[in-house]
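Chain residues, written in single-letter form:
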Amino acid sequence: MSTRHIETPTPQRYWNPYVAGFGLGLTLLFSFVLLGVGLGASGANARVAAVAVHAVAPAAVESNGYLGPWFADGTPLANYLVFMTIGTLLGGFISAAFAGRVGLGVERGQGLSTRSRLALALFGGVLVGFASRMAGGCTSGQALTGGALLLPGSWAFLGSVFAAGFLFAPLFRKAWRA
């Protein structure tokens, strides 16, 4: 029995971050010009979750002061944030496919098991999702949209994110070293 060797393409390098940032800035500008609103991501997740809960307990969701208004004009999924998120996922997949970066796997440092990495990612995702709903928006909405509008609270938030990143990076760097 012979085995065939299949060569896998070498993944392409990542884009220059300045070029990617310029593209993101243009996307934000077009969002303001065409839609009259900025970018955000957590709103789509909240709307999908609201539809899922509505399927089980419609009366409870419709009487909820936060979620109820989303159902007044039909489905909450007919919102620009949902379509933007779908476009982001499709665009990310297409970009990864062209760069030879599509594959299943769990990225983690040598000192962390796959199970621990997935548990920490789930915990962090739930925490950030909850916090973004409590704050009325997510990091991308706060930093990109609020920052572009020169809102002082958004700039304070962005400064805090960078400060926390620099402060806590040494604590987490050990887990990611190969």
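For every chain, the first residue of the written sequence is number 1, and numbering continues from 1 along that sequence. Thresholds applied to this predicted model are a pLDDT of at least 70 for local features of residues and 80 or more for the giving and counting of side-chain atom pairs; totals over whole chains, interfaces and linings are not thresholded and use all residues. Calculated side-chain values reflect all of the structure's heavy atoms, with hydrogen atoms and water omitted.

A. Molecular detail of the overall build of the protein chain. Counting from the N terminus, the helices are DSSP H or I runs at least four residues long and the strands are E runs at least two residues long. The number of helices and strands found in the protein chain is seven helices and zero strands. N-terminal to C-terminal, the α/β element order of the protein chain is α-α-α-α-α-α-α. Against the 2.2 N^0.38 benchmark of 16 Å for 178 residues, the protein chain shows a C-alpha radius of gyration of 20 Å, more extended than a compact globule. Across its three principal axes, the protein chain shows a C-alpha extent of roughly 65 × 45 × 35 Å. A burial count over the protein chain gives 19% of its 178 residues as buried. For this analysis, residues touch if any pair of their heavy atoms sits within 4.5 Å. The long-range share in the protein chain, meaning contacts at least 24 apart out of those at least 6 apart in sequence, stands at 58%. Surface summary for the protein chain: the accessible area is close to 13,500 Å², and the carbon and sulfur share equals 69%. In summary, the charge assignment counts Lys and Arg as positive and Asp and Glu as negative, without counting His or the chain termini. Positions of charges follow a simple convention, taking NZ of Lys, CZ of Arg, CG of Asp or CD of Glu. The averaged location of the 4 negative side-chain charges in the protein chain is 18 Å from the averaged location of its 11 positive side-chain charges. When we talk radius of gyration, it's over C-alpha atoms, and the globule rule is simply 2.2 Å times the number of residues to the 0.38. Burial status follows relative accessibility: with a 1.4 Å probe on protein chains alone, a residue under 20% of its type maximum counts as buried, one over 50% as exposed, and anything between as partly exposed. Per-residue accessibility takes into account occlusion by the displayed protein chains alone, with areas from the Shrake-Rupley method and a 1.4 Å probe.

B. Representation of the nonpolar core within the structure. Ala46, Ala50, Val61, Leu67, Trp70 and Phe71 together form the largest nonpolar core, which totals six residues. If sequence neighbours within four positions are ignored, Leu67 has contacts with Ala50 and Val61. As used in this record, nonpolar core signifies buried Ala, Val, Leu, Ile, Met, Phe, Trp, Tyr and Cys residues forming a set joined through side-chain atoms within 4.5 Å.

C. Region of interest: the side chain of Arg47. Looking at the secondary structure, you find Arg47 in helix H2 (residues 42-56). A pair is scored as a salt bridge if a Lys or Arg side-chain nitrogen falls within 4 Å of a carboxyl oxygen belonging to Asp or Glu. Although Arg47 is buried, it makes no salt bridge; Asp73 carries the closest opposite charge, 9.1 Å away. When near neighbours in sequence (up to four residues on either side) are disregarded, Arg47 contacts Trp70, Pro76, Leu77, Asn79 and Val82.

D. Structural context of the packing of H2 against helix H4 (residues 80-98). Note on method: axes are straight lines fitted to C-alpha atoms, helices fitted across the in-contact stretch only, with angles between N-to-C directions ranging 0 to 180 degrees. H4 packs onto H2 with a crossing angle of 110 degrees between their chain directions and a minimal axis gap of 8 Å. Put simply, H2 runs roughly perpendicular to H4. Residues Gly43, Ala44 and Arg47 of H2 touch H4, and the partners they reach there are Leu81, Val82 and Thr85. Side-chain classes are defined by residue name, with Ala, Val, Leu, Ile, Met, Phe, Trp, Tyr, Cys and Pro counting as nonpolar, Asp, Glu, Lys and Arg as charged, and the others, Gly among them, as polar. Grouping the constituent residues of the contact of H2 with H4 by class yields three nonpolar, two polar and one charged. The cut-offs work like this: below 35 degrees is roughly parallel, past 145 is roughly antiparallel, 65 to 115 is roughly perpendicular, and the gaps in between are oblique.

E. Examining the side chain of Thr145 more closely. In this fold, Thr145 is placed in helix H6 (residues 139-148). Apart from residues no more than four positions distant in its own chain, Thr145 is found in contact with Leu28, Phe32, Gly38, Leu39 and Ser140.

F. Quick peek at the layout of surface pockets. Taken as a whole, the largest pocket holds about 960 Å³ of empty space. Throughout, the protein atoms alone are placed on a 1 Å grid, and a set of points is a cavity if a 1.4 Å probe fits but cannot get out or a pocket if it is open with protein on both sides within 12 Å along at least five of seven lines; lining residues have an atom within 4 Å of a point. Lining the largest pocket are 32 residues; nearest its centre among them are Val128, Ala131, Cys138, Thr139 and Phe157. Looking at the lining of the largest pocket, the elements that each hand over two or more residues are H2, H4, helix H5 (114-135), H6 and helix H7 (152-176). If one sorts the elements of the lining of the largest pocket by residue count, H5 sits on top with ten residues. Grid points are joined across faces, edges and corners, and a volume is the space filled by probe spheres set on the points.

G. Quick peek at unusual backbone geometry. Positive phi, normally seen in glycine, also occurs at Leu150, with a value near 60 degrees. With respect to the helices and strands, the residue Leu150 is situated in the loop between H6 and H7.

H. The arrangement of the packing of aromatic side chains in detail. Note on ring pairs: Phe, Tyr and Trp rings are taken, using the six-membered ring of Trp, and paired if centres are within 6.5 Å. Classes follow the plane angle, with under 30 degrees stacked, over 60 edge-to-face and the rest tilted. One pass over the structure, following the stated rule, counts one aromatic pair. With centroids separated by 5.4 Å and ring planes inclined at 55 degrees, the aromatic side chains of Tyr66 and Trp70 adopt a geometry described as tilted. Positioned over the ring face of Trp70 is Arg47, at 4.4 Å from the centre of the ring. In this scheme, Lys NZ or Arg CZ marks a charge over a ring once it lies within 6 Å of the ring centre and within 35 degrees of the ring normal.

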